[in-house]
Amino acid sequence: MRVRLKERRSEAAEVISFVFDLGGQTFECQPGQYIFYELDALDFPDERGNRRHFTISSSPTEKGILMFTTRMRGSGFKETLRHAPLGHEINIGTPLGHFVMPEGEIRRHVFVAAGIGITPYRSMLRWAADTKKPIEGVLLYFSHSSADIVFGQELEEIARQMPTLSLVHVLSDPEPGWKGEKGKLNEALLRKWVPHPDQQLFWVSGPPPMVTAYKELIRQTGVQDEAIRTDIFAGY
Ligand SMILES: Cc1cc2nc3c(=O)[nH]c(=O)nc-3n(C[C@H](O)[C@H](O)[C@H](O)COP(=O)(O)OP(=O)(O)OC[C@H]3O[C@@H](n4cnc5c(N)ncnc54)[C@H](O)[C@@H]3O)c2cc1C
């Protein structure tokens, strides 16, 4: 499907959302899925080529658009999109992936986001807020510093609309005066926010080393594999 670049949103330090206009075409996906994006040509060299996969960070309730959000780290693919004129056309593939809300799920949710791993939760939570299907649980969002928090204001607004969801920011490199949680995920922090881990459905999303480490830690608290969903941003 051909879509046109509609907008670039600066979300945090060197994090950009690329918003595409669907041009009236129908595009069905579930919150949490990802797709392939293919550029016709690269304006900057890229040894990994003109194709990447990214989570759809928009929600199906945001009609007429599709968005992905990424940290800019210099690849030719991302730089081409950073400099492309609005209206620039690209190809997108069909939605893929099983990091989606199971129908009829009644357990409380523990969403664990490491860095840019927040993208699928932005889609899920925006969808839940827009369709008035509140989610019960907690979002533990790990970032380096406040400047690296992506969708910060929007997540606060969603949490205000959805009192059943607790939003917990954890910073590994906090600025002086930060009063929130600090460090990485550890058992004490997990048990503080999730007193009964064995009764919840866990979601872990982000770069591969963090997803692996966090999943292992969650398992050590007695959570079964079946109750841990992971979205590994391979290539990151
Ligand atoms: C299911 C799935 C969903 C995904 N969803 C997303 C998403 O929503 N958002 C997202 O950003 N990514 C997502 N990814 C990862 C994405 O597909 C890219 O692989 C990733 O962003 C890397 O992009 P890039 O190759 O353009 O490199 P860039 O991130 O631009 O980096 C350029 C190159 O520089 C090197 N490099 C850059 N920074 C470092 C560093 N700190 N340490 C070492 N080397 C470095 C690497 O070799 C890299 O290839 C997802 C992956 C999967 C599998």
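Residues numbered from 1 in each chain as written. Predicted model: local features only at pLDDT ≥ 70, side-chain atom pairs only at ≥ 80, totals over all residues.

**Looking at the domain arrangement of the chain**
The domain boundaries assigned to the chain delineate domain 1 (2-92) and domain 2 (108-232). Placing the centre of domain 1 and that of domain 2 at their C-alpha centroids yields a distance of 24 Å. The interface is formed by 16 residues belonging to domain 1 together with 15 residues belonging to domain 2. Those elements that place two or more of their residues in the side of domain 1 that touches domain 2 are β1 (2-12) and β5 (65-71). Ranked by residues supplied to the side of domain 1 that touches domain 2, first place goes to β5 with 3 residues. Per-class residue counts for the side of domain 1 that touches domain 2 are 6 nonpolar, 8 polar and 2 charged. (Domains from an automatic or database assignment. Contact = placed C-beta atoms within 7 Å. Helix = DSSP H or I, 4+ residues; strand = E, 2+ residues; numbered from the N terminus. Nonpolar A, V, L, I, M, F, W, Y, C, P; charged D, E, K, R; others polar.)

**Quick notes on the sheet that holds strand β3 (residues 34-38)**
In space, the 6 strands of this open sheet follow the order β4-β3-β6-β1-β2-β5, with antiparallel pairing throughout. At either end of the open sheet lies a strand with only one pairing partner, and these are β4 (51-55) and β5. Each strand axis lies, on average, 40° off the axis of its neighbour in the sheet, ignoring direction. Direction of pairing for β3 relative to β4: antiparallel, over a ladder of 5 bridges. In the strand pairing of β4, Y37 is matched with R52. (Pairing = 2+ DSSP bridges. Axes fitted to C-alpha atoms, helices over the stretch in contact; angles between N-to-C directions.)

**Comments concerning the site of the ligand**
Close to the ligand lie 23 residues; T55, T70, R73, S75 and G235 are nearest. Taken together, the elements giving at least two residues each to the shell around the ligand come down to β4, β5 and α1 (76-83). Tallied by class, the residues present in the shell around the ligand amount to 8 nonpolar, 9 polar and 6 charged. (Near = placed C-beta within 6 Å.)

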